[in-house]
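So you can see what is in the structure, the chains are spelled out below.
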Amino acid sequence: MDLGAGTGRNVPYYPKVASVVAVDSSPFMLSRARDRLRRYGKRAECAVMDARRLDFPDHCFDVCVSTFLFCVLPDEMQPQVLREIRRVLKKDGSFVLNVAGAWQKGQPVRSLYHFKLLIALVETVKFHLAQEVYWYNPAKIPSPTEWVNVRRIRIKDSVEPC
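Residues numbered from 1 in each chain as written. Predicted model: local features only at pLDDT ≥ 70, side-chain atom pairs only at ≥ 80, totals over all residues. Heavy atoms only, no water.

Comments concerning the overall build of the protein
On a plain count of helices and strands, the protein comes out with five helices and eight strands. In sequence order, the protein lays out its α and β elements as β-β-α-β-β-α-α-β-β-β-α-α-β. Looking at the protein as a whole, 47% of its 162 residues qualify as buried. Partitioning the contacts of the protein with sequence separation of at least 6, the portion at a separation of at least 24 is 73%. (Helix = DSSP H or I, 4+ residues; strand = E, 2+ residues; numbered from the N terminus. Buried < 20%, exposed > 50% of the residue type's maximum accessible area, 1.4 Å probe, protein only. Contact = heavy atoms within 4.5 Å.)

Structure below.
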């Protein structure tokens, strides 16, 4: 599941052999994702859904990828969304999260947001963190979807705070 799929920026990295569901709350954004799916010759089900109430059975996804969704979700919505992700992931599933970092020319900059989200992942929904990936130049880091589907790097319950 690509949660918060938006306009489909992860589409180039969707696997050809796996079933993918692109979820977003905006029909307009998903229409752009469908255009991108056609352009790349990829297939995915696109579902307009509120991330706080995912219409999927328990433990049905191997992987949930979320690229920048948590950067735009209001703080009060985040625990609900994290619990839903936990609910729909298989017991041995992975949650791959990408949160945008701050950028200032010539030096890395950090925000406390990443730390707050990590604490929520552990304390609110009982995720087990396996690895954090820090990258000085976020423009060069592979997207989480590329890690999982192209490079076949699978890090269980990973966070990539760039």
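Remarks on the packing of aromatic side chains
Tallied over the entire structure, the rule returns three aromatic pairs. When the ring of Phe-95 is compared with that of Phe-127, the centres are 5.5 Å apart and the planes differ by 35 degrees; the resulting orientation is tilted. Placement of the pair is Phe-95 in strand 5 (residues 89-99) and Phe-127 in the loop between helix 4 (113-123) and helix 5 (144-149), with a sequence separation of 32 residues. What links up through ring pairs into an aromatic cluster is the set Phe-70, Phe-95 and Phe-127. Here the basic side chain of Arg-86 rests over the ring of Phe-127, its NZ or CZ set 5.0 Å away from the ring centre. (Phe/Tyr/Trp six-rings, centres within 6.5 Å; stacked < 30°, edge-to-face > 60°. Lys NZ or Arg CZ within 6 Å of the ring centre and 35° of its normal.)

Side note on the nonpolar core
Counting 29 residues, the largest nonpolar core has Met-1, Leu-3, Val-23, Phe-56, Phe-70, Ile-85 and Phe-95 as its most contacted members. At the level of secondary structure, the elements contributing two or more residues to this core comprise strand 2 (21-24), strand 4 (61-67), helix 2 (69-72), helix 3 (78-88), strand 5 and helix 4. When near neighbours in sequence (up to four residues on either side) are disregarded, Leu-3 contacts Val-23, Ala-51, Leu-54, Cys-64, Val-65, Ser-66, Thr-67, Leu-69, Val-81 and Ile-85. If you look at the next biggest cluster of nonpolar residues, it comprises nine residues, including Val-11, Tyr-14, Leu-30 and Ala-33. (Core = buried A, V, L, I, M, F, W, Y, C linked by side-chain atoms within 4.5 Å.)

Some thoughts on the pairing of strand 3 (residues 45-48)
Direction of pairing for strand 2 relative to strand 3: parallel, over a ladder of four bridges. If you follow Val-23 over to strand 3, its bridge partner there is Ala-47. (Pairing = 2+ DSSP bridges.)

Observations regarding helix 3
Turning to helix 3, its buried residues number three or more, namely Gln-78, Val-81, Leu-82, Glu-84, Ile-85 and Val-88. Burial along helix 3 is one-sided: seen end-on, the buried residues are contained in an arc of 160 degrees. Those residues of helix 3 hidden inside the fold are in contact with strand 1 (2-3), strand 4, helix 2, strand 5 and helix 4. (Arc of directions from axis to C-beta.)

A short note on the environment of Leu-117
Tracing the backbone through its elements, the reader meets Leu-117 in helix 4. With 38 residues separating them in the primary sequence, Leu-117 and Pro-79 have C-alpha atoms 9.4 Å apart. Sequence-distant contacts of Leu-117, defined by excluding residues within four places in its chain, comprise Phe-70, Gln-78, Leu-82, Leu-97 and Val-99.

Here's the deal with unusual backbone geometry
If you check the backbone angles, His-59 has positive phi at about 55 degrees while not being a glycine. The phi dihedral of Phe-68 falls on the positive side, at around 70 degrees, and the residue is not glycine. In this structure, Phe-68 sits in the loop between strand 4 and helix 2.

A look at the side chain of Asp-2
Secondary-structure assignment places Asp-2 in strand 1. Buried within the structure, Asp-2 lacks any salt-bridge partner; its nearest side chain of opposite charge belongs to Arg-36, at an N-O separation of 9.1 Å. Within the local environment of Asp-2, its side chain forms a polar contact with the side chain of Asn-10, the two groups lying 3.4 Å apart. The residues touching Asp-2, leaving out its near neighbours within four places in the chain, are Asn-10, Tyr-14, Val-21, Ala-22, Val-23 and Val-65. (Lys, Arg positive; Asp, Glu negative; His and termini not counted. Salt bridge = Lys/Arg side-chain N within 4 Å of Asp/Glu carboxyl O. Polar contact = N/O pair within 3.5 Å; in protein donor to acceptor, adjacent residues only side chain to side chain.)

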